[in-house]
Amino acid sequence: WTQDGTLVPVSVLENHWGVQRQSIDAARRRGEIFSLFVRGRHWYPAEALKFNRSILSEIVKALGEDGASTKLIFLIKRHGALGSRTPVEAVDNGMLHDVIRLATA
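The structure contained in this document is the topic of the report that follows. (Residues numbered from 1 in each chain as written. Predicted model: local features only at pLDDT ≥ 70, side-chain atom pairs only at ≥ 80, totals over all residues. Heavy atoms only, no water.)

## Focus on the sheet that holds strand β1 (residues 7-9)
- One open sheet holds the 3 strands; their spatial order is β1-β3-β2, and the pairing between them is antiparallel. One side of each edge strand has no neighbouring strand; the edge strands of this open sheet are β1 and β2 (36-38). Strand-to-strand, the axes of this sheet are offset by a mean angle of 50°, without reference to chain direction.
- Looking at chain direction, β2 and strand β3 (residues 41-45) are connected through 3 bridges and run antiparallel. Within β3, the position partnered with phenylalanine 37 by the bridge is histidine 42. (Pairing = 2+ DSSP bridges. Helix = DSSP H or I, 4+ residues; strand = E, 2+ residues; numbered from the N terminus. Axes fitted to C-alpha atoms, helices over the stretch in contact; angles between N-to-C directions.)

## A word on the packing of helix α3 (residues 53-62) against helix α6 (residues 96-104)
- Direction vectors running N to C along α3 and α6 enclose 25°, while the axes themselves pass 8 Å from each other. The orientation of α3 with respect to α6, classified from their angle, is roughly parallel. Only Leu96, Val99, Ile100, Ala103 and Thr104 of α6 make contact with α3, whose side of the interface consists of Ile55, Glu58, Ile59 and Ala62. (Parallel < 35°, antiparallel > 145°, perpendicular 65-115°, else oblique. Contact = heavy atoms within 4.5 Å.)

## Quick word on unusual backbone geometry
- Backbone geometry at arginine 39 places phi at a positive 50°, although glycine is not the residue there.
- Within the element layout of this structure, arginine 39 appears in the loop between β2 and β3.
- Unusually for a residue other than glycine, serine 84 sits at a positive phi of about 60°.
- Inspection of the secondary structure assignment puts serine 84 in the loop between α4 (68-76) and α5 (87-92).
- Serine 84 gets classed as partly exposed once you look at its relative accessible area, which sits at 47%. (Buried < 20%, exposed > 50% of the residue type's maximum accessible area, 1.4 Å probe, protein only.)

## Some thoughts on α4
- Listed in full, the buried residues belonging to α4 are Lys71, Leu72, Phe74 and Leu75. End-on, the buried residues of α4 take up no more than an arc of 160°, which puts them together on one face.
- Taken together, the buried residues of α4 touch β1, β2, β3, α3, α5 and α6. (Arc of directions from axis to C-beta.)

## Describing the pattern of salt bridges
- Inspection of the entire model under this criterion finds 6 salt bridges.
- With a shortest N-O distance of 3.6 Å, aspartate 25 and arginine 21 are connected by a salt bridge. In this pair, aspartate 25 and arginine 21 are both assigned in helix α2 (residues 21-29), 4 residues apart and thus about one turn of the helix distant.
- The exposure class assigned to aspartate 25 is buried, which follows from its relative accessible area of 14%.
- Its relative accessible area of 38% is what places arginine 21 among the partly exposed residues.
- A salt bridge links lysine 50 to glutamate 47, with the shortest nitrogen-to-oxygen separation between them at 3.1 Å.
- When its relative accessible area of 53% is taken as the criterion, lysine 50 is described as exposed.
- Classification of glutamate 47 as buried rests on a relative accessible area of 11%.
- Members of the salt-bridge network, linked through shared partners, are Arg21, Asp25 and Arg28. (Salt bridge = Lys/Arg side-chain N within 4 Å of Asp/Glu carboxyl O.)

Laid out in structure tokens, this is it:
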């Protein structure tokens, strides 16, 4: 996933969101975003860049204590319960509550 762009280094989030690494680290500790620890570094889902940060936080928190790989699969997968949309496509279609409900299921 680090090779195919599914996961990106923290620098990509810093540039995209215009924040310092410390802000991303703090958001990760608060459970607003997640990372996978690969080769001694935190890698973040590229899919996260497609969401508004507050909406991403809601979804990640709704996923609860699921592992980072499970959360990543949730973000990139098309879900029948969302009309065969990915979560970002569903959010773009006004279905945030459906995404949250599915994430908590």
